[in-house]
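Below are the chains, spelled out letter by letter.
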Amino acid sequence: NGNGVLDSCEVTAFSLSAQQVNVGSLGAPWSLESTDLDLDGDLDLIVGARSQGSVYWYANDGTGQFGEQRTVTTSAEGVFSIVGFDVDGDGDGDIVAAESASDSVVLYLNDGASFGSHVVLEASLDGARSVAAGDVDGDGDLDVIAGSLNDDTVAWYPNLGAGVFGARETITTGADFILCVSTMDADGDGDLDVISASRDDDAVRVFENLGGGAAWSAHLVASIDQPSFVRAADLNGDGLEDLAVTSVAGDAVYWLENLGAAVAFDAPSLISNSVQRASSLVIRDFDLDGDLDLATSSYGESQSSSGELAWFENLGGGMFEEKRVLAGGLRQAAFILAADFNGNGWPDVAGATWLGGEVEVYRNQLDSPSSVDCDANGVPDECDIAAGAADCDLDGVLDTCEISSDPSLDIDGDLVLDACESIGARYCSPAVVNSTDEAGVLTVLGNEVIFLNNVKLTARALPSGSFGFFITSLTQGFTPNVPNSQGALCVQGSVGRFVGPGQIQSSGTLGAMALDINLNAHPTPTGLIAVLPGETWNYQLWYRDAVSGQTTSNFTDAVAVTFQ
């Protein structure tokens with residue numbers, strides 16, 4: 001996407017891993033649908049293969065893995081669109097198809113995970129292109145809506161029950177070359193209106209249902225360059241159904257805000273103009289943040305492998321993030337479908353590529369992201385680090401994130417882990433654990449060059465609210481089980497204590513201490529002295545603690561610093 005970050009290093013909120021469905025011999029898959037065909041409680045996958053004139057289905061095993069290809073029909077000539085729902089009330093999903101070559105709308109009845117019978121709802125809808133389902137007449141069952149390419153017709157077919165449908169009820173014959181029909185309640189009156197996208201008159205229309213599907217009022221709500229697909233949902237969270245539309249000629253996807261006054265929509269708002277020859281869209285809350293996102297399919301350049309599946313995160317209020325590609329390099333991606341195939345509550349995606357003859361399912365892995373992005377900048381931490389972001393301790397976690405999680409790791413506040421700018425050699429480590437179940441850690445910061453006089457003693461992983469002081473000696477030692485202490489003393493001989501004014505420290509809420517020391521006034525039992533070049537001084541912290549309610553003390557580990 002030209003942002004300077006390798007695609008393999010991009011974190012999208014919707015990460016996917018692909019599984020190619022066992023498509024077998026599949027010619028030009030053009031449409032997809034999901035419904036439970038075998039009544040096992042999960043969503044099966046249905047594919048319309050246009051050049052073969054076939055409809056197939058694939059059984060879901062409940063985990064989003066699909067079985068072998070099963071045939072619904074091989075006589076659906078020019079099948080462009082399919083919709084699945086329980087037509088006859090027997091509990092399993094049936095299938096309705098728009099078959100352009102035979103000008104037909106055909107119902108395939110599920111007889112128990114097999115399709116032995118079919119019903120022709122319409123045989124003279126010239127270039128039948130799109131089908132949808134919805135309760136047009138308000139009688140509690142789902143009717144069929146269809147649109148055509150050549151006779152510019154949008155019609156509906158009333159469901160009379162038990163798999164029987166009434167004759168065509170025409171809504172319009174004035175929508176030129178219809179590519180898509182769908183449904184919504186545009187005016188909020190409780191009945192179902194119909195929407196269409198027609199290519200040759202660049203029109204998005206809402207057909208207002210004036211009651212029971214008996215009469216309709218047409219509203220041209222947008223003029224968009226060759227609209228290819230339209231769907232309705234509340235995109236800005238105001239309780240009204242808005243419209244989302246793709247434009248195949250404009251390489252674009254738009255949304256139209258429902259203004260809530262009868263049938264009234266705002267002018268199209270551009271979401272993206274980088275959806276090359278946009279073919280379809282789907283609306284779902286992919287990231288489960290409470291608002292509805294969009295995903296699109298696009299053909300790309302003709303006869304090339306430049307098709308894509310992409311998604312656009314809804315940032316709230318109808319504002320959308322830039323395009324994030326889910327799958328690229330596809331040969332004419334014709335259709336995108338969203339469904340929770342593995343039953344984990346997160347919508348997955350399926351895509352059909354009609355020149356590639358492939359159907360693939362892409363798992364939504366937002367619930368278990370494959371990369372850590374602790375600073376939430378959209379790039380996995382390992383890629384930030386590879387590009388030069390600080391990980392001075394080489395633990396694979398950005399230093400800024402470690403410091404944000406535990407500020408005591410950067411006591412001097414310079415945004416560099418103290419452990420990475422320390423001087424000296426650690427010994428007597430790890431120390432005996434304290435009441436926090438951690439071992440106190442001493443770090444010496446600054447510079448070994450004496451004339452710079454820049455040395456800071458720090459300690460962390462201490463009990464909060466504890467007091468203590470640093471000690472020092474030219475001689476290392478190891479004395480375990482110090483009386484009235486849980487820890488080990490790691491200096492011996494002439495031991496100096498930093499107990500002058502302001503030098504006795506409290507660990508505060510962070511459980512940490514820090515002290516700038518003066519190398520020209522270094523404590524010994526006999527007074528303050530100057531540190532000399534070549535001397536090695538050893539440092540440790542003694543601090544108060546309490547174990548099982550009894551006051552005691554402990555020590556950090558120790559650090560030896562040779563000065564210059």
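Thresholds applied
- Residues numbered from 1 in each chain as written.
- Predicted model: local features only at pLDDT ≥ 70, side-chain atom pairs only at ≥ 80, totals over all residues.
- Heavy atoms only, no water.
- Helix = DSSP H or I, 4+ residues; strand = E, 2+ residues; numbered from the N terminus.
- Rg over C-alpha atoms; globule rule 2.2 N^0.38 Å.
- Buried < 20%, exposed > 50% of the residue type's maximum accessible area, 1.4 Å probe, protein only.
- Contact = heavy atoms within 4.5 Å.
- Areas by Shrake-Rupley, 256 points an atom, 1.4 Å probe, with all protein chains shown as cover.
- Lys, Arg positive; Asp, Glu negative; His and termini not counted.
- Charge placed at Lys NZ, Arg CZ, Asp CG, Glu CD.
- Disulfide = S-S within 2.5 Å.
- Patch = residues over 30% accessible without salt bridge, like charges linked within 9 Å, V, L, I, M, F, W, Y side chains within 5 Å.
- Salt bridge = Lys/Arg side-chain N within 4 Å of Asp/Glu carboxyl O.
- Core = buried A, V, L, I, M, F, W, Y, C linked by side-chain atoms within 4.5 Å.
- Phe/Tyr/Trp six-rings, centres within 6.5 Å; stacked < 30°, edge-to-face > 60°.
- Lys NZ or Arg CZ within 6 Å of the ring centre and 35° of its normal.
- Pairing = 2+ DSSP bridges.
- Polar contact = N/O pair within 3.5 Å; in protein donor to acceptor, adjacent residues only side chain to side chain.

> Can you lay out the overall build of the protein for me, pointing to particular residues and giving the numbers?
Counting its regular elements, the protein contains two helices and 47 strands. Relative to the compact-globule value of 24 Å for 564 residues, the protein shows a C-alpha radius of gyration of 35 Å, a clear excess of over 25%. Oriented by its inertia axes, the alpha-carbon framework of the protein measures out at about 110 × 45 × 45 Å. Out of the 564 residues belonging to the protein, those deemed buried represent 52%. Contacts spanning at least 24 positions in sequence make up 48% of the contacts within the protein whose residues lie at least 6 apart. For the protein, the computed accessible surface area is about 22400 Å², with 48% contributed by carbon and sulfur atoms. Across the protein, the centroid of the 18 positively charged side chains sits 6 Å from that of the 85 negatively charged ones.

> Explain the state of the cysteines to me, using residue names and the numbers behind them.
Taken as a whole and assessed by the stated rule, the structure comprises three disulfides. Disulfide pairing is shown between Cys 374 and Cys 401; the S-S distance is 1.9 Å. One disulfide, between Cys 374 and Cys 401, carries an S-S torsion of 90° and so falls in the right-handed class. With Cys 374 in the loop between strand S32 (358-364) and helix H1 (381-386) and Cys 401 in helix H2 (residues 399-405), the pair connects residues that are 27 residues apart, well separated along the chain.

> I'd love a proper account of a nonpolar patch on the surface, names of residues and values included.
Together, Phe 467, Val 499 and Ile 504 line one region of the surface with nonpolar side chains, adding up to about 260 Å² of accessible area. Within the element layout of this structure, Ile 504 appears in the loop between strand S40 (496-497) and strand S41 (505-506). When its relative accessible area of 47% is taken as the criterion, Ile 504 is described as partly exposed.

> Give me the lowdown on the nonpolar core, citing residues and values where you can.
Leu 45, Val 206, Leu 243, Phe 265 and Leu 294 are the most contacted members of the largest nonpolar core, which totals 50 residues. By residue number, the principal contributor to this core is strand S22 (residues 252-256), which donates five residues.

> Pulling in residues and values, what's your account of the packing of aromatic side chains?
Using the criterion set out here, one finds eight aromatic pairs in the structure. For the ring pair Phe 469 and Trp 542, a centre distance of 5.0 Å and an interplane angle of 35° mean the geometry is tilted. Highlighted residues: Phe 469 in strand S37 (residues 467-473) and Trp 542 in strand S45 (residues 536-547), separated in sequence by 73 residues. Each member of the aromatic cluster is reached from another via a ring pair, and the members are Trp 30, Phe 80, Tyr 299 and Trp 354. Against the face of Trp 354 rests Arg 50, its NZ or CZ located 5.8 Å from the ring centre. Above the ring of Phe 177, the side-chain terminus of Arg 199 is found at 4.0 Å from the ring centroid.

> Give a description of the environment of Ala 338 that names residues and reports values.
Assignment of secondary structure puts Ala 338 in strand S30 (residues 333-339). Residues Ala 338 and Glu 99, spaced 239 residues apart in sequence, show a C-alpha to C-alpha distance of 23 Å. Once you skip the residues sitting within four places of it in the chain, Ala 338 turns out to touch Val 282, Arg 284, Phe 286, Asp 348 and Val 349.

> Quick one: what's the story with unusual backbone geometry, residue by residue and with numbers?
In this model, Ser 429 is joined to Pro 430 through a cis peptide bond whose omega is 0°. Positionally, Pro 430 belongs in the loop between strand S34 (425-427) and strand S35 (441-446). For Ala 162, which is not glycine, the phi torsion reads 60° and is therefore positive. Residue classification places Ala 162 among the exposed residues on the basis of a relative accessible area of 66%. Positive phi outside glycine occurs at Asp 437, with the angle close to 65°. Mapped onto the fold, Asp 437 is located in the loop between S34 and S35.

> Quick rundown of the pairing of strand S6 (residues 79-85)? Include the residues and the values.
Across the seven residues of S6, seven count as buried, placing the element largely inside the fold. Across six bridges, S6 lies against strand S7 (residues 94-99) in antiparallel orientation. Among the inter-strand pairings, Ile 82 is bridged to a residue of S7, identified as Ala 97.

> Now, about the pattern of salt bridges: what can you tell me, with residues and values included?
On inspection of all chains with the given rule, the structure shows nine salt bridges. With a closest N to O distance of 3.4 Å, Arg 324 and Glu 313 form a salt bridge. Taken together, the residues Arg 324 in strand S29 (residues 324-330) and Glu 313 in the loop between strand S26 (307-312) and strand S27 (314-316) connect sequence positions eleven residues apart. Ionic pairing is found between Asp 406 and Arg 460, a salt bridge with its closest N-O pair at 2.8 Å. One end of the pair, Asp 406, is in the loop between H2 and strand S33 (422-423); the other, Arg 460, is in strand S36 (residues 455-460), and 54 residues separate them in sequence. Through salt bridges that share partners, Glu 313, Glu 321 and Arg 324 make up one connected network.

> Hey, could you go over the pairing of strand S12 (residues 154-157) for me, with residue numbers and the actual values?
Every second residue of S12 is oriented toward a common face, with Val 154 and Trp 156 on one face and Ala 155 and Tyr 157 on the other, all of them buried. Alignment of strand S11 (residues 143-148) against S12, held across four bridges, turns out to be antiparallel. Within S12, the position partnered with Ala 146 by the bridge is Ala 155. Between S11 and S12, which pair antiparallel one after the other, the connecting turn spans five residues, and Asp 152 there sits at a positive phi close to 60°. With three bridges connecting them, S12 and strand S15 (residues 169-172) associate as antiparallel partners. Across the sheet, Trp 156 pairs through a bridge with Glu 169, a residue of S15.

> Break down the side chain of Thr 172 for me, citing the residues and quoting the values.
Position of Thr 172 among the secondary structure elements: in strand S15. Classification of Thr 172 by relative accessible area gives buried; the value is 14%. Within the structure, the side chain of Thr 172 is placed 3.0 Å from the backbone nitrogen of Gly 174, a separation counted as a polar contact. Setting aside residues no more than four positions away along its own chain, Thr 172 makes contact with Asp 152, Thr 153, Val 154 and Phe 207.

> So, the environment of Gly 250: which residues are in play, and what are the values?
The residue Gly 250 is located in the loop between strand S21 (242-247) and S22 in this model. Classification of Gly 250 by relative accessible area gives partly exposed; the value is 27%. The sequence separation of Gly 250 and Arg 277 amounts to 27 residues, and the corresponding C-alpha distance is 7.1 Å. Excluding residues within four positions of it along the chain, Gly 250 makes contact with Asp 225 and Asn 273.

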